[in-house]
Structures are given as C-alpha cells and as structure tokens.
Amino acid sequence: MTTVALTAPSLDGWYSKKDATYFDGLRHDFLDRMPQNLDAHILEIGCGTGATGRVALSSGKCQRYVGVELMADAAAVARRDLSQVVVGNIEHLDADFPDAPFDALILSEVLEHLIDPWAALGKLSRVLKPGAKVFASSPNVAHWWIIASLLGGRFDLTDRG
C-alpha cells in the first residue's frame, strides 16, 4: 500500500499572479447595511488594500477597523488607512486581537478559499461581541450564466466573480 502526502498549494504564489486591482474591492453593499456607530470595532478577513475599511472609517461606520490580508503588498496599502493590518493566512494565525471583541466581521469572497472554513469561523467567533453582525459572500455558481456555460460544456475561470 502506498501512502501519498497531500499538501495545500501555496496561496500567496497563486495570488501574486493577480493584477493589483484584484485587491481593491469596495463592498458598498456591506457598508450600507452597517449602522452609523462611532464606537464600533470591525474586523475584515481578506481586507485587500483596505477600500471597505477606508470608507467605513471616513463615513462614521466605526471607530476602529482591523484587517487581515494574505498578501503583503496589498496589506501595505491598507496600513495607510486602517487602524491595524495583520499579514497572514487566518487559518494559521491566532485570533488574539487587542481591543477585541468586534461588533462586525467581514468575509468577502474569502470562505471558499479556506481549507477548513468552519474552523476559521469557530476561531473568529471568539473575538465577536454577542449579537455581532457577520457579512460574508461567495461567488454564486448557481447564477444563470454559469449554469448556461456548464450546460454548454464550459467553465471558464475569470479574474473576478
């Protein structure tokens, strides 16, 4: 019997091939659902260049905005405006954040990239206030365009969505 060791691919190598604009996503839909709260603390996993946090801070949605970002170049841009930025993979980081707990957690297009999203969510739940809001999204593979493409024998990867 042969044993094969499986290892996860290096995410930072895959993401380093992405165009810099890939990390600039601004989530107006999430911001619109957040209350005005100058005392709030928000945590975003996969903050990219910090576009959502920048607007959250400048529009009075929060007092403190902490981002976690896998890619150091994007994190360096986010550091210009966010309260704190941690570089690393949330699956390998301790979730010990000073000034926790958080009033909101943002996971925009992140969960589908994790090896064990349930473990990551369990870890993150410990730094949230009771009743905290969680904003999460993933690509919709049930969208009519994807279904039509699949029926036509195609599944083309794109840079977004």
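Residues numbered from 1 in each chain as written. Predicted model: local features only at pLDDT ≥ 70, side-chain atom pairs only at ≥ 80, totals over all residues. Heavy atoms only, no water.

A word on the overall build of the protein. Scanning the protein from terminus to terminus reveals six helices and five strands. When the helices and strands of the protein are placed in sequence order, the string is α-α-β-α-β-α-β-β-α-β-α. The buried share of the protein, reckoned over its 161 residues, is 35%. Taken as a whole, the protein presents about 9,900 Å² of accessible surface, with 57% of it coming from carbon and sulfur. (Helix = DSSP H or I, 4+ residues; strand = E, 2+ residues; numbered from the N terminus. Buried < 20%, exposed > 50% of the residue type's maximum accessible area, 1.4 Å probe, protein only. Areas by Shrake-Rupley, 256 points an atom, 1.4 Å probe, with all protein chains shown as cover.)

With that settled, the discussion passes to the pattern of salt bridges. For the structure on display, the rule yields four salt bridges. Of the charged contacts, one joins Arg27 and Glu109 as a salt bridge, the two residues approaching to 3.6 Å between their closest N and O atoms. Residue Arg27 is located in the loop between helix 1 (11-15) and helix 2 (28-33), and its partner Glu109 is located in the loop between strand 4 (102-108) and helix 5 (117-125); the two are separated by 82 residues in the primary sequence. Put simply, Asp81 and Arg54 hold a salt bridge, and the shortest N to O gap is 2.5 Å. (Salt bridge = Lys/Arg side-chain N within 4 Å of Asp/Glu carboxyl O.)

As a further point, take the environment of Lys61. Its place among the elements puts Lys61 in the loop between helix 3 (51-58) and strand 2 (64-69). With 29 residues separating them in the primary sequence, Lys61 and Asp32 have C-alpha atoms 9.5 Å apart. Those residues in contact with Lys61, other than ones at most four positions away along the chain, are Leu31, Met34, Pro35, Gln36, Asn37, Ala40, Ile42 and Ala56. In this structure the side chain of Lys61 is engaged in a polar contact, spanning 3.1 Å, whose partner is the backbone oxygen of Leu31. (Contact = heavy atoms within 4.5 Å. Polar contact = N/O pair within 3.5 Å; in protein donor to acceptor, adjacent residues only side chain to side chain.)

This next bit is on the packing of aromatic side chains. In the structure shown here, the tally under the stated rule is three aromatic pairs. In this structure, Arg27 packs its charged tip against the face of Phe30, placed 4.1 Å from the ring centre. (Phe/Tyr/Trp six-rings, centres within 6.5 Å; stacked < 30°, edge-to-face > 60°. Lys NZ or Arg CZ within 6 Å of the ring centre and 35° of its normal.)

Turning our eyes to something else, we now look at the nonpolar core. Generally speaking, nonpolar side chains in soluble globular proteins are found buried as a group. One finds Leu43, Ile45, Phe97, Phe102, Leu105, Leu107 and Leu124 to be the most contacted residues of the largest nonpolar core, which totals 17 residues. For this core, the elements supplying multiple residues, two or more each, are strand 1 (41-45), strand 2, strand 4 and helix 5. With three residues, the single largest contributor to this core is strand 4. Those residues in contact with Leu107 that sit more than four places away from it in its chain are Ile45, Leu121, Leu124, Val134, Phe135, Ala136 and Ser137. (Core = buried A, V, L, I, M, F, W, Y, C linked by side-chain atoms within 4.5 Å.)

With that settled, consider the confidence of the model for the protein. On average, residues of the protein score 84 in pLDDT, and 82% of them reach the 70 mark or higher. Residue range residues 1-9 is modelled with pLDDT below 50. Its contacts to residues more than four positions away, or to other chains, number one contact. (pLDDT = per-residue confidence, 0-100.)

On to unusual backbone geometry. Of note, Glu109 is a non-glycine position whose phi angle comes to about 60 degrees, a positive value. We classify Glu109 as partly exposed; its relative accessible area is 31%.

Once that is clear, we can look at the sheet that holds strand 1. The parallel open sheet is built from five strands, whose spatial order is 3-2-1-4-5. Unpaired on one side and paired on the other, strand 3 (84-87) and strand 5 (128-137) mark the two borders of the sheet. Pairwise comparison of adjacent strand axes, ignoring direction, gives a mean angle of 15 degrees for this sheet. As judged from the four bridges shared by strand 1 and strand 4, these two strands associate in the parallel manner. The residue bridging Leu43 from the neighbouring strand is Leu105, located in strand 4. On top of the sheet, helix 3 reaches strand 1, strand 2 and strand 4; it is set at about 175 degrees to strand 2, its chief contact. Where helix 5 meets the sheet, its contacts fall on strand 1, strand 4 and strand 5, and the angle it forms with strand 4 comes to roughly 160 degrees. (Pairing = 2+ DSSP bridges. Axes fitted to C-alpha atoms, helices over the stretch in contact; angles between N-to-C directions.)

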